[in-house]
Amino acid sequence: MQTSFLSQQFNAGSLAENSTACPANATICDGTSCVLPEDNFNQTLSVVLSTVLTIMLALVMFSMGCNVELKNFLGHIKRPWGIFVGFLCQFGIMPLTAFLLSLAFNILPIQAVVVLIMGCCPGGTASNVIAYWVDGDMDLSISMTTCSTLLAMGMMPLCLFIYTKMWTDADAIVLPYDSIGLSLVALIIPVSFGIFVNHKWPSKAKIILKVGSIVGAVLIVLIAVVGGILYKGSWIISPKLWIIGTIFPAAGYSLGFFLARVAGLSWHRCRTVSLETGMQNTQLCSTIVQLSFTPEQLELMFTFPLIYSIFQLLFALLILGGYRLYRRHRVKTKTDVEKTQQKEVSKSSAKINGGFVSDEMK
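Residues numbered from 1 in each chain as written. Predicted model: local features only at pLDDT ≥ 70, side-chain atom pairs only at ≥ 80, totals over all residues. Heavy atoms only, no water.

**Details of the overall build of the chain**
Stage number 1. Per the secondary structure count, the chain includes 15 helices and two strands.
Stage number 2. Looking at the chain as a whole, 44% of its 362 residues are labelled buried.
Stage number 3. Across the chain, every contact between residues at least 6 apart in sequence was considered, and the portion connecting residues at least 24 apart equals 82%.
Stage number 4. Taken as a whole, the chain presents about 18,300 Å² of accessible surface, with 66% of it coming from carbon and sulfur. (Helix = DSSP H or I, 4+ residues; strand = E, 2+ residues; numbered from the N terminus. Buried < 20%, exposed > 50% of the residue type's maximum accessible area, 1.4 Å probe, protein only. Contact = heavy atoms within 4.5 Å. Areas by Shrake-Rupley, 256 points an atom, 1.4 Å probe, with all protein chains shown as cover.)

**Points about the UniProt feature "transmembrane region" (unreviewed entry) in the chain**
Stage number 1. With numbering matched to this structure, UniProt assigns "transmembrane region" (unreviewed entry) to residues 45–63, 83–105, 112–134, 140–163, 175–195, 207–229, 241–260 and 306–326.
Stage number 2. End-to-end, the C-alpha atoms of residues 175–195 are 31 Å apart, and along that stretch the chain is 90% helix and 0% strand.
Stage number 3. Along residues 241–260 one finds 100% helix and 0% strand; the C-alpha atoms at either end are 28 Å apart. (UniProt positions renumbered as here; feature names shortened; annotations may be inferred.)

**So, helix 5 (residues 81–105)**
Stage number 1. Counted at 1.5 Å a residue, the expected span for helix 5 with its 25 residues is 36 Å, and the 35 Å between its end C-alpha atoms agrees.
Stage number 2. In the structure, helix 5 departs most strongly from a straight axis at cysteine 89, where the bend amounts to approximately 25°.
Stage number 3. Just downstream of helix 5, asparagine 106 is the residue with a positive phi angle, here 50°. (Expected span 1.5 Å × (residues − 1). Bend = angle between axes of the 7 residues up to and from the residue.)

**Considering unusual backbone geometry**
Most peptide bonds adopt trans geometry, and most residues besides glycine take a negative phi value.
Stage number 1. For asparagine 106, which is not glycine, the phi torsion reads 50° and is therefore positive.
Stage number 2. Position of asparagine 106 relative to the elements: it lies in the loop between helix 5 and helix 6 (109–120).
Stage number 3. Using a relative accessible area of 60% as the deciding quantity, one classes asparagine 106 as exposed.

**Here's the deal with the packing of helix 6 against helix 13 (residues 282–292)**
Two measures define how a pair of helices packs: the angle their axes make with one another and the distance between the axes.
Stage number 1. Where helix 6 meets helix 13, the closest approach of the two axes is 9 Å, and the angle between their N-to-C directions is 140°. Between helix 6 and helix 13, the angle is such that the two are oblique. Considering only the axes of helix 6 and helix 13, their crossing is right-handed. Here helix 6 contributes Val114, Ile117 and Met118 to the contact with helix 13, which in turn contributes Thr282, Cys285, Ile288 and Val289.
Stage number 2. Taken together, the residues of the contact of helix 6 with helix 13 sort by class into six nonpolar, one polar and no charged. (Axes fitted to C-alpha atoms, helices over the stretch in contact; angles between N-to-C directions. Parallel < 35°, antiparallel > 145°, perpendicular 65-115°, else oblique. Left-handed = near helix turned anticlockwise from the far one by under 90°. Nonpolar A, V, L, I, M, F, W, Y, C, P; charged D, E, K, R; others polar.)

**Some details on helix 4 (residues 70–78)**
Stage number 1. Every buried residue of helix 4 is listed here: Phe73, Gly75 and His76. The arc that holds every buried residue of helix 4, seen down its axis, measures 155°, which confines them to one face. Seen from the open side of helix 4, the exposed residues pointing more than 90 degrees away from its buried face are Lys71 and Lys78. (Arc of directions from axis to C-beta.)

**Comments concerning the side chain of aspartate 137**
Stage number 1. In this fold, aspartate 137 is placed in the loop between helix 7 (126–133) and helix 8 (138–164).
Stage number 2. Within polar-contact distance, the side chain of aspartate 137 engages the backbone nitrogen of leucine 140 at 3.1 Å.
Stage number 3. If near-sequence neighbours (up to four positions away) are discounted, aspartate 137 is found in contact with His76, His268, Arg269 and Thr272. (Polar contact = N/O pair within 3.5 Å; in protein donor to acceptor, adjacent residues only side chain to side chain.)

Structure follows, in structure tokens:
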């Protein structure tokens with residue numbers, strides 16, 4: 001597979017001709033798009049930041065667990081209609097959307113593969129933080145993230161086998177089951193502690209939740225910034241990947257919400273399913289890509305997970321902002337209606353008691 005990709009997409013002579021357009025230490029160079037080797041500073045920075053982000057993520061998931069009621073969480077597991085809808089969105093809508101976008105834009109086979117890998121990934125933990133801020137169902141959100149990560153061990157190979165065989169051999173794609181397992185452990189353990197704290201000390205859990213939600217918001221932005229710092233390649237890549245990276249998360253959010261509503265879920269659960277569908281585990285996608293392909297192939301595809309993560313975050317923030325504006329407007333309208341009703345009741349009672357109306361009711 002790798003040799004066929006190289007023969008189709010690279011020409012040694014053209015690489016040599018274009019080498020002057022890239023930095024002297026570029027390992028792969030094609031025009032102005034280059035792959036640079038990691039230096040020692042970058043490796044050290046990556047290890048330090050990964051450690052800090054892992055600790056912060058565990059604390060955030062612990063705080064999110066403080067908002068989960070054990071009874072409600074077990075209720076979703078026993079009556080998993082919401083989880084089933086999320087499963088259809090995660091491993092039905094997203095891989096199919098990735099396949100259709102790859103066909104519609106007629107991108108290179110190696111680029112179609114990375115789009116499909118992204119579509120087959122489970123939901124990311126950032127969705128739990130955003131779900132909290134849009135008043136989603138946290139019990140459903142965390143149970144969906146947990147189940148999609150667990151089911152990914154079987155569903156990812158199946159989806160990749162179905163959708164990638166027209167472009168490449170699915171056996172050539174290396175799935176890091178250890179990374180999926182670590183993601184599952186990193187999710188379940190802190191959330192379980194959070195659920196326990198909420199069960200034993202609910203007042204303290206509320207304080208932890210407020211702090212954790214703020215830290216979570218900072219963490220999401222920090223991860224995006226770190227991705228930009230550690231990224232060592234050129235941003236000049238195929239415009240088609242930029243367009244797909246913009247459309248794909250937006251389609252995931254929209255189709256997830258639509259399917260949840262058709263399935264009869266309540267509005268706050270529809271928002272939850274929407275976020276769980278559109279927000280993918282981009283770190284897992286990057287790991288799979290780096291394990292499966294050569295540096296020459298990575299030159300055409302390794303930016304897509306970062307592009308997707310940027311736009312999934314951007315659209316999530318737009319959803320959050322829109323919901324907050326709607327909520328503020330609805331609360332104001334509700335308050336005005338209640339005040340009007342109070343005035344009408346007071347005036348009608350004033351006619352009965354002689355026509356007296358207090359100044360504050362006028």
